Amino acid sequence: MTNYQPPFSNKIRNIFDRIAPVYDQLNDWLSLGQHRIWKEMTVKWSGAKPGDTCLDLCCGSGDLTFRLARRAGMTGKVYGVDFSCNLLATAKERCQRYYPQPPITWIEADVLNLPFDDHQFDAITMGYGLRNVKDIPRSLQEIYRVLKPGGKAAILDFHRPSNETFRAFQQWYLDNLVVPLATNLGVKEEYAYISPSLDRFPIGKEQVAIAQKVGFVNATHYPISNGMMGVLVIDN
């Protein structure tokens with residue numbers, strides 16, 4: 001199993017604080033809008049439904065949170081958690097401008113130490129966060145703790161494809177499109193970290209093994225976009 005030790009959380013927090021002003025714009029450009037499809041798939045796999053209490057971890061500017069809110073409806077409760085105060089500010093601003101209902105509770109917190117009671121949530125999502133946490137097993141343990149029995153979590157993130165052709169394309173894409181575009185927007189360092197973070201990130205079957213070890217009965221990793229993305233779906 002991969003011995004994954006990403007950069008210290010303070011460094012990652014600073015990165016996301018700095019990219020907050022261009023985060024949504026870059027997501028659209030770099031994925032050609034496909035990130036919306038991946039996020040819809042993630043929310044669907046979370047099993048969120050009307051009346052549920054839902055949690056979006058590493059919520060960033062709120063894309064997955066808003067999708068959860070639409071599924072939970074006016075009778076549900078939705079929380080968005082992130083450790084970047086700048087991204088949370090962006091999420092709150094977007095929420096007031098575009099998504100006034102239902103109300104969403106925004107919380108600045110560390111996913112390794114969630115400020116919630118045990119068995120509180122019916123559905124949990126996380127987008128592009130697991131790869132950046134300091135301790136992946138601890139993060140999954142916290143998700144296991146706050147998830148209700150029978151609840152489900154869906155975790156979306158980048159991955160290194162097992163296919164060598166797609167792996168080579170992904171690296172070319174990062175080197176020749178992502179980093180140059182980020183450089184033009186003044187956030188080169190912030191996006192150059194993606195490639196080394198992918199090299200350290202456990203592959204799908206390793207994520208499944210970690211999830212099972214912390215207690216999840218069912219764990220499945222679904223590769224998408226030719227294995228360059230993936231969604232880990234877990235429930236107890």
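In short, a report on the structure. None of these values were measured; they are calculated from a predicted model.

**Here's the deal with the packing of aromatic side chains**
Phase 1: Going through the model one piece at a time under the given rule, you end up with 9 aromatic pairs.
Phase 2: Their ring planes at 80° and their centres at 5.9 Å tell us that F66 and W106 sit as a pair that is edge-to-face. Of this pair, F66 sits in helix α4 (residues 63-72) while W106 sits in strand β3 (residues 104-108), and the two are 40 residues apart along the sequence. For the pair formed by F66 and W106, the shared burial category is buried.
Phase 3: Ring plane angle 40° and centroid distance 5.2 Å describe the contact between Y128 and F158, whose orientation is recorded as tilted. Of the two residues, Y128 sits in the loop between β4 (121-127) and α6 (136-146) while F158 sits in strand β5 (residues 147-158), which places them 30 residues apart along the sequence.
Phase 4: Of the residues examined, Y128 reaches a relative accessible area of 12% and is grouped as buried.
Phase 5: Using a relative accessible area of 23% as the deciding quantity, one classes F158 as partly exposed.

**Some remarks on the side chain of R131**
Phase 1: As for its placement among the helices and strands, R131 is situated in the loop between β4 and α6.
Phase 2: A polar side-chain atom of R131 sits 2.8 Å from a polar atom in the side chain of D157.

**Here we look at the pairing of strand β1 (residues 53-57)**
Looking down a regular strand, the side chains alternate between one sheet face and the other.
Phase 1: Judged by how many residues are buried, β1 sits mostly within the fold: 5 of 5 residues are covered.
Phase 2: With burial as the criterion, each face of β1 is covered, one bearing T53, L55 and L57 and the other bearing C54 and D56.
Phase 3: As defined by bridge partners, β1 adjoins strand β2 (residues 77-82) across 5 bridges and the pair is classed as parallel. Across the sheet, residue L57 finds its bridge partner in β2, namely V81.

Reading the values: the criteria
- Residues numbered from 1 in each chain as written.
- Predicted model: local features only at pLDDT ≥ 70, side-chain atom pairs only at ≥ 80, totals over all residues.
- Heavy atoms only, no water.
- Phe/Tyr/Trp six-rings, centres within 6.5 Å; stacked < 30°, edge-to-face > 60°.
- Helix = DSSP H or I, 4+ residues; strand = E, 2+ residues; numbered from the N terminus.
- Buried < 20%, exposed > 50% of the residue type's maximum accessible area, 1.4 Å probe, protein only.
- Polar contact = N/O pair within 3.5 Å; in protein donor to acceptor, adjacent residues only side chain to side chain.
- Pairing = 2+ DSSP bridges.

Worth remembering: the numbers are spatial, not functional.
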